[in-house]
Amino acid sequence: MTKDSKVDYTFTASERLKHRKLIETLFQNGKAFSVFPFKVVYSIVDKSNTENTFVRMGCVVPKRNKKRAVDRNLIKRKLKEAWRLQKHILIPDIPEHKELHVFFIYIGKEIPNFSIIAASVSKIIIKLQSITTKVSL
């Protein structure tokens, strides 16, 4: 997705944060904040590829919080869907030649409704918007 194009509601493989090296760098150098039921680790880095990705997202639901894999996968599916529908709000605020890496860690105990996850993701995006705006100034 380019910054100038119309709204794109996709979540492609290039937008996923899945390389071990990138994730390790994010956890070593990134900053964190919490919006229940998620802890968010983020970092603004130089663009590492030639693709038109501005935001990369990853997520995890710890096994100690949810023992059953189907429950963990359900939470991750809901989170990815909420992110897919709202990430376009964040893209215009990211500086050129920069990329935002975001990693969600689920810290809740119950399986939340989609509306709760969507509201949390909305708050997270607003917080990330203010952070990326400060970086571009």
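All values reported here derive from a predicted model rather than from experimental measurement.

Parameters at a glance
- Residues numbered from 1 in each chain as written.
- Predicted model: local features only at pLDDT ≥ 70, side-chain atom pairs only at ≥ 80, totals over all residues.
- Heavy atoms only, no water.
- Helix = DSSP H or I, 4+ residues; strand = E, 2+ residues; numbered from the N terminus.
- Rg over C-alpha atoms; globule rule 2.2 N^0.38 Å.
- Contact = heavy atoms within 4.5 Å.
- Lys, Arg positive; Asp, Glu negative; His and termini not counted.
- Charge placed at Lys NZ, Arg CZ, Asp CG, Glu CD.
- Pairing = 2+ DSSP bridges.
- Buried < 20%, exposed > 50% of the residue type's maximum accessible area, 1.4 Å probe, protein only.
- Polar contact = N/O pair within 3.5 Å; in protein donor to acceptor, adjacent residues only side chain to side chain.
- pLDDT = per-residue confidence, 0-100.
- Salt bridge = Lys/Arg side-chain N within 4 Å of Asp/Glu carboxyl O.

Draft legend 1. Main features of the overall build of the chain. Scanning the chain for helices and strands turns up three helices and four strands. Secondary structure elements of the chain occur, N-terminal to C-terminal, as α-β-β-β-α-β-α. The C-alpha atoms of the chain give 14 Å as radius of gyration, which agrees with the globular expectation for 137 residues (14 Å, within 12%). For the C-alpha atoms alone, the extent of the chain along its principal axes is close to 40 × 30 × 25 Å. Taking all contacts inside the chain whose residues are at least 6 apart in sequence as the whole, residues at least 24 apart take part in 82%. Distance between charge centres in the chain, computed from 27 positive and 12 negative side chains, equals 9 Å.

Draft legend 2. Fine view of the pairing of strand β1 (residues 31-35). Direction of pairing for β1 relative to strand β2 (residues 38-46): antiparallel, over a ladder of five bridges. Note on β2: the bridge partner recorded for alanine 32 is valine 41. The turn joining β1 and β2, which pair antiparallel and follow one another in sequence, is formed by two residues.

Draft legend 3. Region of the structure containing the side chain of arginine 56. Here arginine 56 is to be found in strand β3 (residues 55-60). The exposure class assigned to arginine 56 is buried, which follows from its relative accessible area of 7%. Within the local environment of arginine 56, its side chain forms a polar contact with the backbone oxygen of serine 14, the two atoms lying 3.4 Å apart.

Draft legend 4. Local environment of unusual backbone geometry. Following phenylalanine 36, the chain continues into proline 37 via a peptide bond in cis, with omega recorded as 10 degrees. A positive phi angle is found at histidine 97, which is not glycine, with a value near 60 degrees. The residue histidine 97 is located in the loop between α2 (69-86) and β4 (98-106) in this model. Relative accessible area serves as the criterion here: at 59%, histidine 97 is assigned to the exposed category.

Draft legend 5. Representation of the confidence of the model for the chain. When pLDDT is averaged along the chain, the result is 88; 91% of the residues meet or exceed 70. By mean pLDDT, helix α3 (residues 114-136) is the weakest element of the chain at 91, and β1 is the strongest at 96.

Draft legend 6. Examining the pattern of salt bridges more closely. Taken as a whole and judged by the stated rule, the model has six salt bridges. Among the salt bridges present, the one from lysine 87 reaches glutamate 15, with a minimum N-O distance of 3.0 Å. Taken together, the positions of lysine 87 in the loop between α2 and β4 and glutamate 15 in the segment before α1 (20-29) put the pair 72 residues apart, joining distant regions of the chain. For glutamate 15, a relative accessible area of 6% gives the class buried.

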